[in-house]
Amino acid sequence: FLQEFLKVPATSESLVVGCGASALLEMLFWCLCDQGDAVLVLAPYYVNFAKVFGYRNRIHLIPVYPLEDLHLITAGFGSYVAPLENAMQAALAEGRRVRAVLLSNPTNPLGLVANEPELRALIEWCIARGVH
């Protein structure tokens, strides 16, 4: 599927299989983060993310609320970038190292889908800040 439909080169050596998204996220952030690091999570988000990050990994989950109305972002009238930057600066002021941003797309529980320009802006922000 990855190679044929999405044109993404993939081999069995480059894939990780787990028993659901929560288990895979827990493994991913175990590899990316050290105890005490922070992950910015765009809200609203799946309620069990707090368990995924907190129990074994001891990672701080920092909710980021982009706008009161997420429909504006998915329609192209808002931005994730400014709220992420504010959250990043607040985390750094508290002495927390931010290692990653987590965006569920579509969002859980609302089912909203981020638009391509905003996803590109989010990726560019992450690259510029050195976060996953």
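Residues numbered from 1 in each chain as written. Predicted model: local features only at pLDDT ≥ 70, side-chain atom pairs only at ≥ 80, totals over all residues. Heavy atoms only, no water.

*Asks:* Could you give an account of the packing of aromatic side chains, with specific residues and numbers?
*Replies:* Scanning the entire structure with this criterion turns up two aromatic pairs. Summarising the aromatic geometry, the rings of tyrosine 45 and phenylalanine 49 are spaced 6.2 Å apart at their centres and angled 10° between planes, so their arrangement reads as stacked. Residue phenylalanine 49 is classed as buried on the basis of its relative accessible area, which comes to 5%. Judged by centre distance (5.7 Å) and plane angle (85°), the ring pair of tyrosine 46 and phenylalanine 49 falls under edge-to-face. Owing to a relative accessible area of 29%, tyrosine 46 belongs among the partly exposed residues under this scheme. (Phe/Tyr/Trp six-rings, centres within 6.5 Å; stacked < 30°, edge-to-face > 60°. Buried < 20%, exposed > 50% of the residue type's maximum accessible area, 1.4 Å probe, protein only.)

*Asks:* Give a description of a nonpolar patch on the surface that names residues and reports values.
*Replies:* Among the surface-exposed residues, Phe1, Leu2, Phe5, Leu6, Val8 and Leu15 lie close enough to one another that they form a single nonpolar patch of about 610 Å² accessible area. Mapped onto the secondary structure, leucine 6 falls in the segment before α1 (21-32). (Patch = residues over 30% accessible without salt bridge, like charges linked within 9 Å, V, L, I, M, F, W, Y side chains within 5 Å. Areas by Shrake-Rupley, 256 points an atom, 1.4 Å probe, with all protein chains shown as cover. Salt bridge = Lys/Arg side-chain N within 4 Å of Asp/Glu carboxyl O. Helix = DSSP H or I, 4+ residues; strand = E, 2+ residues; numbered from the N terminus.)

*Asks:* Quick one: what's the story with the sheet that holds strand β3 (residues 98-102), residue by residue and with numbers?
*Replies:* Strand order in the open sheet formed by three strands is β2-β1-β3, with parallel pairing between adjacent strands. The open sheet terminates on both sides in strands that have one partner only, identified here as β2 (60-64) and β3. Going across the sheet, the axis of each strand differs from the next one's by a mean of 25°, ignoring polarity. Sheet topology note: the strand β1 (residues 38-42)/β2 ladder contains five bridges and is parallel. Residue pairing in the sheet places alanine 38 in a bridge with histidine 60 of β2. (Pairing = 2+ DSSP bridges. Axes fitted to C-alpha atoms, helices over the stretch in contact; angles between N-to-C directions.)

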